[in-house]
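Chain residues, written in single-letter form:
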4 protein chains.
Amino acid sequence: MSHNTFGHLFRVTTFGESHGVALGCVVDGCPPGLALEAEEIQAELDRRKPGQSRFTTQRREPDQVKILSGVFGDDRTGGRQLTTGTPIALMIENTDQRSKDYSEIRDSYRPGHADYTYDAKYGFRDYRGGGRSSARETAARVAAGAIARKVIPGITIRAALVQMGPHAIDRANWDWAEVGNNPFFCPDAKAAALYESYLDGIRKDGSSVGAVIEVIAEGVPPGLGAPIYGKLDADLAAAMMSINAVKGVEIGDGFAAAALRGEDNADEMRAGNNGRPRFLGNHAGGILGGISSGEPIVVRFAVKPTSSILTPRQSVNRQGEEIDLVTKGRHDPCVGIRAVPVAEAMMACVLADHHLRHRGQVGDRA
Amino acid sequence: MSHNTFGHLFRVTTFGESHGVALGCVVDGCPPGLALEAEEIQAELDRRKPGQSRFTTQRREPDQVKILSGVFGDDRTGGRQLTTGTPIALMIENTDQRSKDYSEIRDSYRPGHADYTYDAKYGFRDYRGGGRSSARETAARVAAGAIARKVIPGITIRAALVQMGPHAIDRANWDWAEVGNNPFFCPDAKAAALYESYLDGIRKDGSSVGAVIEVIAEGVPPGLGAPIYGKLDADLAAAMMSINAVKGVEIGDGFAAAALRGEDNADEMRAGNNGRPRFLGNHAGGILGGISSGEPIVVRFAVKPTSSILTPRQSVNRQGEEIDLVTKGRHDPCVGIRAVPVAEAMMACVLADHHLRHRGQVGDRA
Amino acid sequence: MSHNTFGHLFRVTTFGESHGVALGCVVDGCPPGLALEAEEIQAELDRRKPGQSRFTTQRREPDQVKILSGVFGDDRTGGRQLTTGTPIALMIENTDQRSKDYSEIRDSYRPGHADYTYDAKYGFRDYRGGGRSSARETAARVAAGAIARKVIPGITIRAALVQMGPHAIDRANWDWAEVGNNPFFCPDAKAAALYESYLDGIRKDGSSVGAVIEVIAEGVPPGLGAPIYGKLDADLAAAMMSINAVKGVEIGDGFAAAALRGEDNADEMRAGNNGRPRFLGNHAGGILGGISSGEPIVVRFAVKPTSSILTPRQSVNRQGEEIDLVTKGRHDPCVGIRAVPVAEAMMACVLADHHLRHRGQVGDRA
Amino acid sequence: MSHNTFGHLFRVTTFGESHGVALGCVVDGCPPGLALEAEEIQAELDRRKPGQSRFTTQRREPDQVKILSGVFGDDRTGGRQLTTGTPIALMIENTDQRSKDYSEIRDSYRPGHADYTYDAKYGFRDYRGGGRSSARETAARVAAGAIARKVIPGITIRAALVQMGPHAIDRANWDWAEVGNNPFFCPDAKAAALYESYLDGIRKDGSSVGAVIEVIAEGVPPGLGAPIYGKLDADLAAAMMSINAVKGVEIGDGFAAAALRGEDNADEMRAGNNGRPRFLGNHAGGILGGISSGEPIVVRFAVKPTSSILTPRQSVNRQGEEIDLVTKGRHDPCVGIRAVPVAEAMMACVLADHHLRHRGQVGDRA
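On a predicted model such as this, the values are computed, not experimentally measured, just so you know.

A. Seen up close, the overall build of chain A. Scanning chain A from terminus to terminus reveals eight helices and 18 strands. C-alpha extents for chain A along the principal axes are approximately 65 × 55 × 40 Å. When each of the 366 residues of chain A is scored for burial, the buried share is 69%. Restricting the contact set of chain A to residue pairs at least 6 apart, pairs at least 24 apart contribute 70%. Here chain A contributes 43 positive and 45 negative side-chain charges, whose respective centroids are spaced 2 Å apart.

B. Focus on the interface of chain D and chain B. Facing the 46 residues of chain D at the interface are 46 residues of chain B. Regarding the contact of chain D and chain B, the summed buried area is about 3900 Å², with carbon and sulfur atoms giving 60% of it. Our count for the chain D to chain B interface comes out at six salt bridges. Of the charged contacts in the structure, one is a salt bridge between D75(D) and R106(B), with a shortest N-O distance of 2.7 Å. At the junction of chain D and chain B, the tally comes to 12 residue pairs in polar contact (both at pLDDT 80 or more). At the level of secondary structure, the elements contributing two or more residues to the side of chain D that touches chain B comprise β2 (11–15), β3 (22–28), β4 (65–67), β6 (82–83), β7 (88–93), α2 (103–107) and α3 (115–122) of chain D. With four residues, β2(D) is the largest single contributor of residues to the side of chain D that touches chain B. Residue classes in the side of chain D that touches chain B are distributed as 18 nonpolar, 14 polar and 14 charged.

C. Structural view of the packing of aromatic side chains. By the definition in use, this model includes 38 aromatic pairs over all chains. Grouped by ring-pair contacts, the aromatic residues F55(A), F184(A) and Y195(A) constitute a single cluster. Here the basic side chain of K121(C) rests over the ring of Y122(C), its NZ or CZ set 5.8 Å away from the ring centre.

D. How the structure looks around the pairing of strand β10 (residues 211–218) of chain D. All names here are of chain D. Taken across its eight residues, β10 has seven buried, putting it largely inside the fold. In the sheet, strand β8 (residues 156–164) pairs with β10 via eight bridges, with the strands oriented antiparallel. Across the sheet, the residue bridging to Q163 is V212, located in β10. Direction of pairing for β10 relative to strand β16 (residues 297–303): antiparallel, over a ladder of seven bridges. In the sheet register, V215 faces β16, and the bridge partner there is V299.

What counts and how
Residues numbered from 1 in each chain as written. Chains lettered and ligands numbered in written order. Predicted model: local features only at pLDDT ≥ 70, side-chain atom pairs only at ≥ 80, totals over all residues. Heavy atoms only, no water. Helix = DSSP H or I, 4+ residues; strand = E, 2+ residues; numbered from the N terminus. Buried < 20%, exposed > 50% of the residue type's maximum accessible area, 1.4 Å probe, protein only. Contact = heavy atoms within 4.5 Å. Lys, Arg positive; Asp, Glu negative; His and termini not counted. Charge placed at Lys NZ, Arg CZ, Asp CG, Glu CD. Buried area = accessible area lost by both parts, 1.4 Å probe. Salt bridge = Lys/Arg side-chain N within 4 Å of Asp/Glu carboxyl O. Polar contact = N/O pair within 3.5 Å; in protein donor to acceptor, adjacent residues only side chain to side chain. Nonpolar A, V, L, I, M, F, W, Y, C, P; charged D, E, K, R; others polar. Phe/Tyr/Trp six-rings, centres within 6.5 Å; stacked < 30°, edge-to-face > 60°. Lys NZ or Arg CZ within 6 Å of the ring centre and 35° of its normal. Pairing = 2+ DSSP bridges.

The structure is reproduced here in structure tokens:
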């Protein structure tokens, strides 16, 4: 069972609620001997941290990570900490738990939120800031992802926001260097400029908007993944769909592939110079039959607009009474933005897991 | 690990290759006491069976299922077989293993196929008809799905082909009754008429085309699924993505949700008459926070065009030599068609599993 | 995979080393709505806590548990915390990490310890106090067990030490009330008196001694467990064997059953007054075919003598040099004593897990 | 979940009832490229087959195994079949399903059997020959074990019966060559002679008797297993306890270790000549801290006497009425005998699984 765990050999179990004492994760199965310092994890967390621009929630959380176990160093390792092969527990204490009045949320079902479904499932819920259903949980994933990257050192994983609301980027403008130059993780400088004014407008309207994120992994060796229910694309789809507010996932051409004819879709091959085929296209997004082909793995996913908005909406409360609801508080007008580092982390965790699984079955030929 | 198993409490393990002795599955965790006859499974298999129209592969397989274990009946059950709670093994013998010449496939990597990636992973493969990577494996899923439906008797699961190549149906014409009236499982009679001539053209060109399938489950109680990695939508995404040739999955509005504003996307609620909220929309596709809301669950997925085509394509062989390749044989010009009953089966299996998982955690309140 | 996780629906993942920052666990799958306060967990931890008599290690650890997630209460619950159905993370900070000189342990392989095997597996280890292999990890299990007990409220679980070194108790003297009256968790007052002088002698010799523990669960309904690899006895055997230093596990008559004839071993039945059979014996230890019979579940296990002793032993170091080794420090002369509350916790976790699994498959009839 | 599956990377799922159509298993995760013919599996099955002497059940089953999937060979492999890395399904059809009158069993709860507990769990059962609870299921394990041995070619696994009823062998007489010379798998020729007359007496009395089996794996590299819940000994304990009628499991000295002092129990080490320590004893049975030490792994387990006996016993039936019961039919007077090849198979499967798990985490250094 895996309610709060994902992965098989590289396993991540997360815990924690938005306004609880702390959140974190236990990473089990990490190979031994990898150098790992809290600062490295922190660097990834800082990319996802709230309050870094006016376009993300103004909650002030330092998101300071603490390694509780699983690493060790002494004078023989030059003081550096190495993973020991035992579970690595990471904890992030919640500090900005503003003692606000939750009376409205606690009794009401916010449209688009998990309030009603949690009550339907559990009969009871921690309503403070969304409790377990808050996107705050993704901090733990980003922390785990920082470890996963060390398990697959030759693989480069990068994500970018490629659409905000109805506005897609111009792919001809794609420049990875731009991703760090704007608060949207957008690789198209022109689109980023547009998003700034567009999102300001959305924000001032008390509204919100969705987004599309693309994650690309380069340097993935062929052979990761497995038929039939350990398919790399199936695991990636589940991983991305498990991120808050995600409603769709594509690999390679995705839905566009449905409209193609066979001769246009099937990536042709020529002899490569490393003993592998050289693919003449990558409609497949780097995965054939659930197994990596050596081409870049390309995953795209859609994030719905943040459900917490200032526009009044019709709803009901726990007592079944009809109400009108406005969700105040500090919210992301486009929650898709902060999903970018989360997507990288999920990609890293899935690939680390499949790397270990593949190595288990076939050995270091993997 | 789950290379060939899916589900947790309702678990399905499949086996078999396209041209091996037999294929089948073991269904573990099925509740006891459910009436189950081979004929009921056969009825589902017959919907997926090849060779039923000129639009699917002309391979002639009776796909006759045999129940090897897990059911029992005697005079006290009126001769009816009931599930016993122990594993139900199902077997389908392969009969039409035409002794063709595989010399071309065995040495060549067909573009768009898993030939190269299987070799990259395993160093060796059963190349006959695609071996384990053949869509023939989905017969085992359909068989398992027939059992899953019995675990969740109040839930209606139906799927339909809603796009072939670039041609989407007109949703205003949607009529479930039409699905059985054409060889495409298409709910729009007009579109079906178009598909007939369109696909004939594709077939005559020696080409193939993709499709989009939609699966809908009605009558799902609220509460199925679980945060964070047992999300119903994440499991459904993995289930659909594990079907051969699938490249994208959406829940509810899917990618279209990215373009919406918050007030348009969040499904409002009013007081319902069964003690549950009545939702005024279903942009969410019946799932909020990974948990079912009681609204219909709506999943859509894209199938790429069949990679086996008569048009010559550039490729390489196992020796790394460049070749031109034509894939002869009996192929589906639109493999998406036969994915329709498979999608229903996967939906049924995922829901049966989550029903049992939910009941485990909260009891029959589930 | 389950390197640091056990259970399926009631899942416990532990983390932490003997001298790391903290240890703890994440309990996943706990049903919602159960009242749970840290004090209740603490009460169980205090039974296992070191330094409570001269017969256990003199390490001074308060073993103060902190609940990090998974519970919630407000004025409507009368301020009481209830489980929410989401993962419950528990943390115990290490405080008495005496900054001792580990140079001897770090280079040497202590006979009977996991020093060599950890190095053989991981090439690297946290040697401080045994690191992950220390029995200190069992504190996390005891904490998890306190939660498990709440999942199965009608079941009484008690354990006792029934043999120390070669000295077995007299079963005719068994009195559960005595277990709390001596530092050995011994149900036989006379044996406890003997153990006191016996263990003093062992301790003064700088030696150590083994023990046998018996755990009994009463009030277990029939039906828990499952053929074939979800057998209740198989899971209990793994659970007990996973406790540090355990070398044998028995159910019911255990090894003595091998010497019996069929007619003496098979527990006869008469009509009971609750619609269930009344068993005339319990050679089976409450489990038949891997499934509970309703009779008390009886498990016994053997703990080897503590390997850390003051008597010099021959060994080798990491460099492969031969050495003589004395293990100084604060050790339990009979580590079996503190295994008593651990055994209860493991029994509780296994039964809670099987209760949920059974309920999943057959519903509240469970 | 793992009701009918064991292992993680080398996974075995079994199915089938005593008198159903067929039984078998699916072996998932087997590495590719291993030569595997049905004859090799058959050879192992033949060692376990019933009806080979008057000391085992007279049921006549050829136990002919058929490989349904997961292997492939062509002219390039010299016609030899190799594993492909995909699931290997094995089937054994039941042939000797004597159409006997089951009316007695179907209504009665045989003491010592799982009849009552299956009914308590499932409310319904296949009573023919014990259904799923029959030791016949172990044929599937033996078949899987034959494959597992190929995954760990350097490891020698042998088992022997070391006690029948109260009569233990004389270990000074231990000769592996004798195991094949008597119908008891007994390594002590003198004891075997005794067992012959002893068991004849038991059989003529219409009684039965228990046994103790010892399994030894030699050539196991250090490093297999893992803290804390992936311990090699914990998995072995579960594996052996899952065999029908097993009531106790020991590793190394087992229960005798409880009576030892620390200095006598901890195996000392000297410098070895292969870069590993040379252990001066093996009280630990080859496992320290849950990880293999490189010494032979020694597991012993107790089998209770066969519950099916001709001596009348008191019982109740499904209707709750009190009855006297005699179990006629073809039974093993000492079911422990046929557990010997089963134990070897379970040892092989557990070691194969841990070999792959270890290799996954640390690579071919494993």
